[in-house]
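Next come the chains, spelled out residue by residue.
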Amino acid sequence: MGKKYFYLLIAIILLKGGYAQTLNLMPWPTEIKIGEGQFVVDKTLKIGVEGNPDKRFHPNLVRFIQQLSKRTTIPFDRDSVLISPVDASMVIKISRPGIVKLGEDESYTLKIDSNKILITSQTELGAMHCLQTLLQLLERDKDSFYFQRLEINDKPRFAWRGLMIDGCRHFIPVEVIKRNIDAMAMVKLNVLHWHLSEDQGFRVESKAYPKLYLMGSNGEYYTQEQIKDVITYANERGIRVMPEFDIPGHATAWMVGYPELASASGSYKVEKFFGVFDPTIDPTKKETYRFFEKLFKEMSHLFPDEYMHIGGDENNGVQWNKNPNIQEFMKKNGIKSNHELQAYFNLKILEILKKNGKKMIGWDEIFQPTLPNSIVIHSWRGREAMEDAAKKGYQSILSNGYYIDLFKHASEHYLNDPLPKDSKLSPVEQSRILGGEATMWAELVNAENIDSRIWPRTAAIAERFWSPGDINDVDDMYRRLDVVNIRLEEAGIEHIKCREAMMRRLCNGSNIEPLKILLDASEPLKGYKRHGSKPYTTEYPLSRPVDAALSDAPEVVRFRLLFNDYKKTKNKESYSQMLDLLEKWVNNQASFNSLAANNTALKEVVTLSDNLMELASITRKLLIQINSGIRIDDIEGDMLKIQINRLKTPVAEMELPLSTLTLDMINLLKDGNKME
Ligand code: ACM
């Protein structure tokens, strides 16, 4: 096919909006042109590499072949698949070895023709992203596996695309960290921010100060060998590992072994509760800095990334206010506030980090004009802090809006753009926004349910960090996320398996289906409401129904997509699928009751199941009315709203997101509102 005709065809396809929509890419590429025809993947596939990649590329290519083999069930043998590029059907050209560091070139181009695939990239990091793209592009029909003919030109929008994992509130074992690194690579994230010290635990082996982890944890910590292993594992996948040692607040665990670090005398215990606590490092003592000289020298060797995160958040100042020596020190040195005292501390820490070749990053509380603009501000309290920092010449990253511990919908995170279209920042200021990080705080997660809290939502966030800002169609994101969800399992994420195991435990060997139907329609309370509603501690079991409920109730997401489609197209198939779902929810009450009859672990959600039945039957009635154009008057609408608001009341720290759609339906049915 001539080039001209090829592009004409692309234009037609894109205009029709057809093909591109059905690809299951996430993150969506910067530029994509879709052609006609396919590259069939069969046992004749031969791959050749040209150029000068870093040695990390080969194992990535081998993993690609293994995954392709698994998915297609074609027994590719790596020794016969990998050949000289001259005769290969898939050629990968890489100009130079990449370095896993901020700002490295991660771009690639991909051209798939009917008999040839060509990948080009500056560094192997780009080619590795492309291999992930290819795995997402693999389709099948009744006769073959294939890649759609297309051209992709891709590069990240932001250089810093992170996931923070808190390994402190609950200890998250190395194998869990590693499988999350694989999933990060799948969606082109490139920074693992490892939160390693907290009130509830100091989690790193330190040879310089062994009491930090021996007394400052419950015995669960990462050995230096494990840390090196994780760093190597991540580096092989193009991912930086940045440690966080949170100081001067959130530091109770440090003081269990080293009480002399604290700003108040006494003995300390590893904290079991969650929140903000008083123990704070004393910034006025020379010994404090001697301690950090030695510790950060050790940790700088252990963690080779050029950035070291010093936390700096939520220092409540209580110990500082009460300590007469600290007050005296402040007076003598003209330090007028705790914030200024923290800046004094940060400047001293900065000098130590610099000596060890590190750049400093911290939460937005470290932002203080006396600190040089070589530090990076990590904004969690609001995007204003990030923008303010950018205006004053500081680089920054955004986590406000990406707190995945708060059980919010993927769509909310997805639409939170570090640099929205209407940003008031100048181009130079905008260039200081390096990217962002999803943050997995671990108050309410443990090794068992962390995967289902991180994924699949973080894939939507990864798209926000990688793809152009105008890729923001929520329904299409959810459509693709559904596919990504299964691919995550293929990458090793245990979100589906562990959740089902939790439900099996709750059901004590009985069929889990009624509980699954209920939980697939329920969501944990959002924001910080759960933290306040139970006396959660590091030892409180995270094994109740709410711990197996997902932030986006999957069956309600499906219902919402069907409803949106139905509103647009009046599609009969969508209508009938919605009725089936509602029927399933109505009927589930009886099955759930018999499941829960002799099971005290499920007692707390019986009312939730009753509410789902009642809500689904109202929704069904409304849907039928919408379909037949029967309106409701204001009085009836208001009565229904009262009923729905009652059914919305949280039960066992969960709520029913269907209620939002039901309220939408009432509004739609009210006289005067357009039903199209
Ligand atoms: C934070 O959430 N305290 C950084």
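Residues numbered from 1 in each chain as written. Predicted model: local features only at pLDDT ≥ 70, side-chain atom pairs only at ≥ 80, totals over all residues. Heavy atoms only, no water.

Before going further, it helps to examine the side chain of Thr-252. With respect to the secondary-structure elements, Thr-252 resides in helix H9 (residues 252–257). Classification of Thr-252 by relative accessible area gives buried; the value is 2%. Looking at Thr-252, its side chain comes within polar contact range of the side chain of Asp-199, at 2.6 Å. Those residues in contact with Thr-252 that sit more than four places away from it in its chain are Asp-199, Tyr-268, Lys-269, Glu-271, Phe-277 and Pro-279. (Helix = DSSP H or I, 4+ residues; strand = E, 2+ residues; numbered from the N terminus. Buried < 20%, exposed > 50% of the residue type's maximum accessible area, 1.4 Å probe, protein only. Polar contact = N/O pair within 3.5 Å; in protein donor to acceptor, adjacent residues only side chain to side chain. Contact = heavy atoms within 4.5 Å.)

With that settled, consider the side chain of Ser-609. With respect to the helices and strands, Ser-609 occurs in helix H25 (residues 606–628). Judged by relative accessible area, which is 2%, Ser-609 ranks as buried. Every residue in contact with Ser-609, bar those within four places of it in the chain, is listed here: Leu-518, Gln-589 and Phe-592.

Side-chain direction in a regular strand flips from residue to residue, so the side chains alternate between the two faces of the sheet. By the criterion of burial, strand S7 (residues 145–154) is predominantly enclosed, with nine of the 10 residues buried. Relative to S7, strand S1 (residues 31–41) runs antiparallel, the two sharing eight bridges. Note on S7: the bridge partner recorded for Phe-39 is Phe-147. With five bridges joining them, strand S4 (residues 108–112) and S7 adopt antiparallel strand pairing. Bridge assignment links Leu-110 to a residue of S7, and that residue is Ile-152. Two strands pair when backbone bridges link them, and strand S6 (residues 139–140) and S7 are joined in this way by two bridges, in the antiparallel orientation. Residue pairing across strands places Arg-140 opposite Phe-145, the latter belonging to S7. Here S6 folds back onto S7 in antiparallel fashion, the turn holding four residues. (Pairing = 2+ DSSP bridges.)

For the bond from Ile-247 to Pro-248, the omega torsion is 0°, close enough to zero to count as cis. As for its placement among the helices and strands, Pro-248 is situated in the loop between strand S12 (240–244) and H9. Omega for the peptide link from Trp-455 to Pro-456 comes to 5°, which places this bond in the cis form. Here Pro-456 is to be found in the loop between helix H17 (450–454) and helix H18 (457–466). Although it is not a glycine, Thr-73 adopts a positive phi angle of roughly 65°. Take Thr-73: its relative accessible area is 67%, and that puts it in the exposed class. The residue Lys-570 is not glycine, and still its phi comes out positive at about 55°. In this structure, Lys-570 sits in the loop between helix H23 (554–569) and helix H24 (572–596).

The predicted model of the protein chain averages 95 in pLDDT, with 96% of residues at 70 or higher. In this model residues 1–19 is a low-confidence stretch, pLDDT under 50, and it forms 22 contacts with partners more than four residues away in sequence or in other chains. (pLDDT = per-residue confidence, 0-100.)

Let us look at helix H8 (residues 224–236). The end-to-end C-alpha distance of H8 is 18 Å, a good match for the 18 Å that 13 residues give at a rise of 1.5 Å each. Residues of H8 that are buried in the fold lie against helix H6 (174–186), strand S9 (191–195), S12 and helix H10 (286–302). Gly-238 occupies a position one or two residues after H8 and carries a positive phi of about 80°. (Expected span 1.5 Å × (residues − 1).)

Attention now moves to the pairing of strand S15 (residues 376–379). Taking every second residue as pointing to the same face, both faces of S15 are buried, with Val-376 and His-378 on one and Ile-377 and Ser-379 on the other. As defined by bridge partners, strand S14 (residues 359–363) adjoins S15 across three bridges and the pair is classed as parallel. Its bridge partner being in S15, Ile-361 is matched across the sheet by Val-376. The sheet contact formed by S15 and strand S16 (residues 395–398) spans four bridges and is parallel. Looking across to S16, one finds that Ile-377 is bridged to Ser-396.

Moving on to the packing of aromatic side chains. Any aromatic ring pair is given by two values, namely how distant the centres are and how the planes are angled relative to each other. Under the criterion given, the structure shown has 27 aromatic pairs. Residues Tyr-258 and Phe-291 carry aromatic rings whose centres are separated by 5.5 Å and whose planes lie at 65° to one another, so their mutual orientation is edge-to-face. Here Tyr-258, found in the loop between H9 and H10, pairs with Phe-291, found in helix H10; they are 33 residues apart in sequence, far enough to count as distant. Pair check on accessibility: Tyr-258 and Phe-291 agree, each one buried. Counting every residue linked through ring pairs, the aromatic cluster contains Phe-202, Tyr-209, Phe-245, Trp-254, Tyr-258, Tyr-289, Phe-291, Phe-292, Phe-296, Phe-303 and Phe-345. Just above the ring of Tyr-209 sits the side chain of Lys-294; from NZ or CZ to the centre is 5.2 Å. Note that Arg-464 overlies the ring of Tyr-414, its terminal NZ or CZ placed 4.5 Å from the centroid. (Phe/Tyr/Trp six-rings, centres within 6.5 Å; stacked < 30°, edge-to-face > 60°. Lys NZ or Arg CZ within 6 Å of the ring centre and 35° of its normal.)

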